[in-house]
Amino acid sequence: MNFEKLISIEQMEAATNSLLETGAKVGADSWQQRVENQTPHCKFGEQGICCRICSMGPCRITPKSPRGICGCDAHGIVARNYLRFTAGGSATHSDHGRSIAHTLYQASADGAYQVKDPDKLLKIAGEWGIKTEGRDIYDVAHEVAETGLMEYGKPFGNLRFLDRAPKHTQELWDKAGIAPRAIDREVSQALHMTHMGCSSLPEALIKHSLRAGLSDGWGGSMMGTEFSDVLFGTPKPIDTQANLGVMEKDMVNIIVHGHDPSLSEMIVFYAQDPEMIALAKANGAKGINIAGVCCTSNEVAMRHGIPMAGNFLQQENVVLTGACEAIVVDVQCIFPALGPLSKCFHTKFITTSPIARMPDSDFIEFSDETAAEKAKEIVKLACENFKNRNPDLVNIPDLKANARVGYSVEAIKKCLDGVTNSHVDELGTMMPLVDAVKSGVIRGAVAMVGCNNPKVRADYSHIELMKKLIENDIIVIVSGCSAQAAAKAGLMDLEAKDCCGEGLRRVCELVGIPPILHMGSCVDISRMMILATDIANDWGINISQIPLVGCAPEWMSEKAVSIGNYVVATGIDTFLGVEPFCEGSEEVIELLRGESGTKQWVEANFTVEKDLDKMCDLMIETIEKKRAALNI
Ligand code: BF8
Ligand code: SF4
């Protein structure tokens, strides 16, 4: 296989080391240093057997003290902690979705936000029984937004988007009693169940973890994705570049970081404003360059081809280049370290959301009502800051890979339509892909998602697993920081087909796709649920039968645990490279990873495997087992 053209982990690490040297010169702290300070971690925390949900504690479980003061054992404590972890993630994704719903509610023909994909809006309206005929598109948008907002707190019934799932999946959810009701209710109930003196039965707590996860994946996240598409356009394949080399030495570099496209879309828009470009030039720059970090980067890359500077553990690196005029953040996955770090350089660290306030930042509150004005203010501040740059500190690593991104479900179907004569209705079909899997040209698929985590060599797991999978004719769909890892290495370049096995290489050539398909940000894992649903429906099988597995080799956030729960609850076996603090309870481990818990309820479970080769083999084995069960 031809991996030589890829940017290697070693090259990326050498670049990071050279940036850390600059950091040392200016007295900057780094996550690498802080990891050393924090290691070894607390064993009680790692095993999930520390409880501090009431002030009789904190209680820690040891062989000598097997129960907390209230009598709760390790299984109850681990399961409660797991549910709280999930609730944190579900709340966070879903609140992001709510914020986009508010933005949709604000949209107007002459305002800052408009409807860019009316077809998608009408489709959702149709699904939700909202009248569309003869109505102004913005009236429909407002009613859809309001109906979506009601999903967060409606007193009766289950979530509307559950109807999108295959019938069999819905039946499993009903039978297990985990079909989510109002989004906020599941998060709220998670906190209630885990309050002192409520649930300590692992089965009930793990079931509710699945339910709270589903309220994210088939609720808040799905709304975030769908409404973002309505407002900003459903992604289509588009070319961009990735890695730190996308920062430009002679330009004003504005880094957008976080998650909510309502902010980044506006920054991207105003960076193209001739008045702002003139201002950049007046301050000595050649123009304005926007690049992204974390999921915001995925959002603007997929819709505008904005380059991707890096993922989670590269966020400090962008400042360390000495060429970052402003790092503009909204919510989630933002290191508080950026405050003190930016003070070592000329960089403006601009926080914009009341939800993510941090010391040592310039707070410019952003809202739907003042979007244009605030975005302009931020871009202006960055342009004016160019003259404060210290040229002696500028060090932009010469690493940059081409990437084709933007594979929404709609885009994937369009690509497939281009190569098939099979029956295609106006919504497209997954049959060409199904046929390729049935014939064995492609063996199956892995949905790789999630973060970086210093417990795992940064990006190494993502990239090495992807290389092995595509070599074995397994197509990989990605989102979040996993997507950026692939892009940074060059695995989203169309030329990466040369890294594939013969079958997948032919498919990539025929369809004109890279072997790793960028499906978006972390809320866009909801796209993967729809993809799996469409495959199952077109194939005529259940989701759990598809030769498809989920994988989060470097996950770190509560959001990732929520995602894991809904991916498993949707019927997709999921592999984790980092332990979710459950080691302290065999009962919880059995429910999540054994045959008697989630496997019984939703036909899928988790595997935690820290050895990369073993994990890869296990995923391939699972895919092959599913193929064998289908007689293909
Ligand atoms: O939501 S993959 S580090 S950026 S949590 Fe965060 Fe993890 Fe990245 Fe986006 Ni997702
Ligand atoms: Fe200890 Fe029970 Fe209170 Fe937890 S709820 S801190 S185990 S007494």
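Student: I keep staring at the overall build of the protein and nothing clicks. Help me out?
Tutor: Helix and strand counts for the protein come out as 25 helices and 16 strands. Along the longest, intermediate and shortest principal axes, the C-alpha atoms of the protein span 65 × 65 × 55 Å. When the 632 residues of the protein are sorted by exposure, 61% land in the buried category. Considering only contacts in the protein between residues 6 or more positions apart, those separated by 24 or more positions represent 75%. Accessible area of the protein: about 23700 Å², with a carbon and sulfur share of 51%. Within the protein, the 82 negative side-chain charges are centred at a point lying 2 Å from the centre of the 61 positive side-chain charges.

Student: Explanation requested: the packing of helix 4 (residues 74-106) against helix 8 (residues 183-193) in the structure shown.
Tutor: What describes two packed helices is the angle between their axes and the distance between those same axes. For the pair helix 4 and helix 8, interaxial distance at closest approach is 9 Å and the crossing angle is 155°. With respect to their mutual orientation, helix 4 and helix 8 come out roughly antiparallel. Considering how the two elements wind past one another, helix 4 and helix 8 form a crossing that is left-handed. Along its contact with helix 4, which presents Leu83, Arg84, Ala87, Ser90, Ala91, Ser94 and Arg98, the element helix 8 presents Ile183, Asp184, Val187, Ala190, Leu191 and Met193. Across the contact of helix 4 with helix 8, the residue classes tally to eight nonpolar, two polar and three charged.

Student: Before we go on, may I ask you to explain the nonpolar core in this structure?
Tutor: One broad trend across soluble globular proteins is that nonpolar side chains are buried collectively. Core analysis: the largest hydrophobic core is formed by 184 residues, its most contacted members being Val144, Trp173, Ile267 and Ile288. Looking at this core, the element that brings in the most residues is helix 9 (residues 202-232), giving eleven residues. What Ile267 contacts, discounting residues up to four positions off in sequence, is Ile254, Val256, Ile290, Val328, Ala375, Ile378 and Val379. Counting residues in each nonpolar core, the second largest holds 31 residues, with Ile255, Ala309, Cys333 and Leu393 among its members.

Student: I tried to follow the coordination of the nickel atom of ligand 1 on my own but got confused; where do I start?
Tutor: Metal coordination angles in their ideal form are 109.5 degrees for the four-donor tetrahedron and 90 or 180 degrees for the six-donor octahedron. Protein coordination of the nickel atom of ligand 1 is limited to a single donor, Cys522 (SG), positioned at 2.2 Å. Coordination geometry of the nickel atom of ligand 1: the four donor atoms subtend angles of 89 to 159° at the metal centre, consistent with an arrangement described as irregular. Structurally, the position occupied by Cys522 is in the loop between strand 13 (516-518) and helix 21 (525-539).

Student: Can you help me understand the pairing of strand 14 (residues 548-552) in this one?
Tutor: Regular strands show a simple pattern: their side chains alternate between the two faces of the sheet. For strand 14, the buried fraction is high: five of the five residues fall into the buried class. Neither face of strand 14 is exposed, since Leu548, Gly550 and Ala552 on one face and Val549 and Cys551 on the opposite face are all buried. Bridge analysis of strand 14 against strand 15 (residues 574-576) gives three bridges, and the strand direction is parallel. What sits directly across from Ala552, in strand 15, is Leu576. Each parallel crossover has a hand, and for strand 14 linked through helix 22 (residues 558-569) to strand 15 it is right-handed.

Student: How should I be thinking about the environment of Ile541 in this particular structure?
Tutor: Residue position: Ile541 is located in the loop between helix 21 and strand 14. Beyond its immediate stretch of four places on either side in the chain, Ile541 contacts Ala536, Ile546 and Leu630.

Student: Please explain the domain arrangement of the protein as it appears in this structure.
Tutor: Put simply, an interface is often sized by how much accessible area is lost when its parts join up. Domain boundaries assigned for the protein yield domain 1 (68-232), domain 2 (244-393) and domain 3 (412-629). Taking only C-alpha atoms into account, the centre of domain 1 sits 23 Å from that of domain 3. Listed per partner, the contact involves 40 residues of domain 1 and 37 residues of domain 3. Where domain 1 abuts domain 3, roughly 3300 Å² becomes buried across the two surfaces, and 71% of that area is made up of carbon and sulfur atoms. The interface formed by domain 1 and domain 3 contains one salt bridge. A salt bridge links Arg527 to Asp229, with the nearest nitrogen and oxygen atoms 2.8 Å apart. Among the secondary structure elements, those contributing two or more residues to the side of domain 1 that touches domain 3 are helix 4, helix 7 (167-176) and helix 9. With 16 residues, helix 9 is the largest single contributor of residues to the side of domain 1 that touches domain 3. Along the lines of polarity and charge, the residues of the side of domain 1 that touches domain 3 split into 18 nonpolar, 15 polar and seven charged.

Student: Please clarify how the packing of aromatic side chains should be interpreted in this entry.
Tutor: Any two aromatic rings considered together are summarised by their centre-to-centre distance and by the angle between their planes. Per the counting criterion, the structure on display carries eight aromatic pairs. Relative to Phe161, the ring of Trp128 lies with its centre 5.2 Å away and its plane at 50°, an arrangement referred to as tilted. Here Phe161 lies in the loop between helix 6 (137-150) and helix 7 and Trp128 lies in the loop between helix 5 (118-127) and helix 6, a separation of 33 residues in the sequence. Across the pair, exposure class does not vary: Trp128 and Phe161 are buried alike. Within the aromatic cluster, the residues linked to one another by ring pairs are Phe85, Trp555 and Phe581. The aromatic ring of Phe363 is capped on one face by Arg357, whose charged end is 3.6 Å from the ring centroid. Directly above the aromatic system of Tyr460 lies the positively charged group of Arg457, at a separation of 4.6 Å from the ring centroid.

Student: Hey, could you run me through the packing of helix 11 (residues 274-282) against helix 15 (residues 371-385) in this one?
Tutor: Viewed as axis vectors pointing N to C, helix 11 and helix 15 meet at an angle of 20°, and their least axial separation amounts to 8 Å. Relative to helix 15, the element helix 11 is oriented roughly parallel. Crossing geometry of helix 11 relative to helix 15 is assigned as right-handed. Mapping the contact onto sequence places Glu275, Met276, Leu279 and Ala280 in helix 11 and Lys376, Val379, Lys380, Cys383 and Glu384 in helix 15. Looking at side-chain class alone, the contact of helix 11 with helix 15 contains five nonpolar, no polar and four charged residues.

Student: Would you mind showing me how to read the site of ligand 2 here?
Tutor: Around ligand 2, the neighbouring residues are Cys51, Ile53, Cys54, Met56, Gly57, Cys59, Gly68, Ile69, Cys70, Arg80 and Met196. A per-class count over the shell around ligand 2 returns eight nonpolar, two polar and one charged.

Student: Honestly, unusual backbone geometry in this entry has me stumped. Any pointers?
Tutor: Negative phi is the rule for most residues except glycine; trans is the rule for most peptide bonds. Across the junction of Thr39 and Pro40, the peptide omega takes the value 0°, indicating a cis bond. Note that Pro40 resides in the loop between helix 2 (31-38) and helix 3 (43-47). In this structure, the amide linkage connecting Gly57 to the following residue, Pro58, adopts the cis form with an omega of 5°. Note that Pro58 resides in the loop between strand 1 (50-51) and strand 2 (59-60). We note that Glu603 has phi near 70°; this positive angle belongs to a residue other than glycine. Here Glu603 shows up in the loop between helix 24 (598-602) and strand 16 (606-608).

Student: I keep staring at the site of ligand 1 and nothing clicks. Help me out?
Tutor: Every residue close to ligand 1 is listed here: His259, Cys294, Cys295, Phe312, Cys333, Gly450, Cys451, Cys481, Cys522, Met556, Ser557 and Lys559. Residue His259 places a side-chain N or O atom 2.8 Å away from an oxygen atom belonging to ligand 1. The residue makeup of the shell around ligand 1 includes at least three contributed by each of domain 2 (244-393) and domain 3 (412-629).

Analysis parameters
- Residues numbered from 1 in each chain as written.
- Chains lettered and ligands numbered in written order.
- Predicted model: local features only at pLDDT ≥ 70, side-chain atom pairs only at ≥ 80, totals over all residues.
- Heavy atoms only, no water.
- Helix = DSSP H or I, 4+ residues; strand = E, 2+ residues; numbered from the N terminus.
- Buried < 20%, exposed > 50% of the residue type's maximum accessible area, 1.4 Å probe, protein only.
- Contact = heavy atoms within 4.5 Å.
- Areas by Shrake-Rupley, 256 points an atom, 1.4 Å probe, with all protein chains shown as cover.
- Lys, Arg positive; Asp, Glu negative; His and termini not counted.
- Charge placed at Lys NZ, Arg CZ, Asp CG, Glu CD.
- Axes fitted to C-alpha atoms, helices over the stretch in contact; angles between N-to-C directions.
- Parallel < 35°, antiparallel > 145°, perpendicular 65-115°, else oblique.
- Left-handed = near helix turned anticlockwise from the far one by under 90°.
- Nonpolar A, V, L, I, M, F, W, Y, C, P; charged D, E, K, R; others polar.
- Core = buried A, V, L, I, M, F, W, Y, C linked by side-chain atoms within 4.5 Å.
- Donors = N, O, S within 2.8 Å, 3.2 Å for Na, K, Ca; no water.
- Tetrahedral: all angles 85-135°; square planar, octahedral: opposite > 155°, others 65-115°.
- Pairing = 2+ DSSP bridges.
- Right-handed = clockwise from strand over helix to strand, strands pointing away.
- Domains from an automatic or database assignment.
- Buried area = accessible area lost by both parts, 1.4 Å probe.
- Salt bridge = Lys/Arg side-chain N within 4 Å of Asp/Glu carboxyl O.
- Phe/Tyr/Trp six-rings, centres within 6.5 Å; stacked < 30°, edge-to-face > 60°.
- Lys NZ or Arg CZ within 6 Å of the ring centre and 35° of its normal.
- Near = heavy atom within 4 Å.
- Polar contact = N/O pair within 3.5 Å; in protein donor to acceptor, adjacent residues only side chain to side chain.

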